[in-house]
Amino acid sequence: TEIHMVPATILSRCQRFDFGTISINDIVSAMKRILASENISVDDDALEYVAYLGNGSMRDSLSILDRCIAFKNGAVSYSDVVEILGTLDNAYLYKFASLVADNDTKNLLLEFDKCAAEGKSFENFAADMLNAYREMLRYLSIGSNEGTNTKRLEMIRNTAEKFTKEKLVRCIYLLTDLISDLRYSTNAR
């Protein structure tokens, strides 16, 4: 898969296809077509979240969607996707980040305890928080987040405005280190 590792004699005898990522909007519209042909109902917010989790990969997005449909009889909502996948709700992530911006240690610890009590993975928590901080930094840097729905973009904007770019970068570095440290920790909490 690493093209620089393939010898030139092999490359000269092969066709080469370089795949790029697909936009969230394109993934959502493809999933809508598939769901319509199968008579399956999934909320738009849920589809956008699944496409976001697919990280630009149609195959990964469809696999995630398939898992959600398999666990749910009837219409699939955003909250169903969050529950089935064990991820954290966007509102929770940006509320947590807002508490960080406000230096509200007491409520931060209470919210973290709530997350732990729900059995959420600490690795997933750190990764989701890292993505939230990256989205906020992107918003502060360029003023938009392509493919983000209006509700989520409002959460990003409201929270990002409480931070400086420097503080966001610091949080990103700290979370990156935390994710690395969690792999070897005997007490993740």
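Provided above is the structure to which this section pertains.
Note that the structure is a prediction, hence the values are computed from the model and not measured. (Residues numbered from 1 in each chain as written. Predicted model: local features only at pLDDT ≥ 70, side-chain atom pairs only at ≥ 80, totals over all residues. Heavy atoms only, no water.)

Residue-level account of the overall build of the chain, with values.
Counting its secondary structure elements, the chain contains 10 helices and 0 strands. Starting at the N terminus and ending at the C terminus, the chain contains elements arranged as α-α-α-α-α-α-α-α-α-α. With the C-alpha coordinates of the chain rotated into their principal frame, the extents come out at 60 × 45 × 40 Å. Within the chain, the fraction of its 189 residues that count as buried is 36%. (Helix = DSSP H or I, 4+ residues; strand = E, 2+ residues; numbered from the N terminus. Buried < 20%, exposed > 50% of the residue type's maximum accessible area, 1.4 Å probe, protein only.)

Can you tell me about the packing of aromatic side chains, naming the residues and giving the values?
Under the definition given, this model contains 7 aromatic pairs. The interplanar angle of 35° and the centroid separation of 6.1 Å between the aromatic rings of Tyr92 and Phe96 together place this pair among those described as tilted. Taken together, the residues span about one helical turn, with Tyr92 and Phe96 both in helix α6 (residues 90-101) at a distance of 4 residues. Looking at Tyr92, the relative accessible area reads 12%, which means it is buried. Judged by centre distance (5.4 Å) and plane angle (70°), the rings of Phe112 and Phe125 are edge-to-face. Separated by 13 residues along the polypeptide, Phe112 in helix α7 (residues 105-117) and Phe125 in helix α8 (residues 122-142) bring together distant segments of the chain. Summarising the burial analysis for this pair, Phe112 and Phe125 share the class buried. (Phe/Tyr/Trp six-rings, centres within 6.5 Å; stacked < 30°, edge-to-face > 60°.)

Which residues make up the nonpolar core, and what are the values?
The biggest cluster of nonpolar side chains holds 31 residues, and the ones touching the most others in it are Phe96, Val100, Phe125, Met129, Tyr133, Met136 and Phe163. Taken together, the elements giving at least two residues each to this core come down to α6, α7, α8, α9 (150-160) and α10 (165-182). Tallying contributions element by element places α8 first for this core, with 10 residues. With residues near it in sequence (within four places) discarded, Met136 still touches Tyr94, Ala97, Ile156, Thr159, Ala160, Phe163 and Leu168. (Core = buried A, V, L, I, M, F, W, Y, C linked by side-chain atoms within 4.5 Å. Contact = heavy atoms within 4.5 Å.)

Would you mind going over helix α2 (residues 24-38) in detail, with residue names and values included?
Compared with the 21 Å implied by 1.5 Å per residue over 15 residues, the 21 Å span of α2 between its first and last C-alpha is a close match. Those residues of α2 not exposed but buried are Ile24, Ile27, Val28, Ala30, Met31 and Leu35. Projection of α2 onto a plane perpendicular to its axis shows the buried side chains occupying an angular sector of 165°, all on one side. Across α2 from its buried face, at more than 90 degrees, point the exposed residues Asn25, Arg33, Ala36 and Ser37. Buried positions along α2 lie against α3 (44-53) and α4 (58-71). (Expected span 1.5 Å × (residues − 1). Arc of directions from axis to C-beta.)

Explain the packing of α6 against α7 to me, using residue names and the numbers behind them.
Contact geometry of α6 with α7 gives a least axis separation of 9 Å together with a crossing angle of 155°. When the axes of α6 and α7 are compared, the pair comes out roughly antiparallel. Considering how the two elements wind past one another, α6 and α7 form a crossing that is left-handed. From α6, Tyr92, Lys95, Phe96, Leu99 and Val100 reach across to α7, where they touch Asn107, Leu108, Glu111, Phe112, Lys114 and Cys115. (Axes fitted to C-alpha atoms, helices over the stretch in contact; angles between N-to-C directions. Parallel < 35°, antiparallel > 145°, perpendicular 65-115°, else oblique. Left-handed = near helix turned anticlockwise from the far one by under 90°.)

Break down α6 for me, citing the residues and quoting the values.
Compared with the 16 Å implied by 1.5 Å per residue over 12 residues, the 16 Å span of α6 between its first and last C-alpha is a close match. Buried within α6 are the following residues: Asn90, Tyr92, Leu93, Tyr94, Phe96, Ala97, Ser98, Leu99, Val100 and Ala101. Phi turns positive, to about 55°, at Asn103, one or two residues after α6.

Give a description of the side chain of Glu111 that names residues and reports values.
Mapped onto the elements, Glu111 comes out in helix α7. Using a relative accessible area of 10% as the deciding quantity, one classes Glu111 as buried. Excluding its chain neighbours within four sequence positions, the residues that come into contact with Glu111 are Tyr92, Lys95, Phe96 and Leu99.

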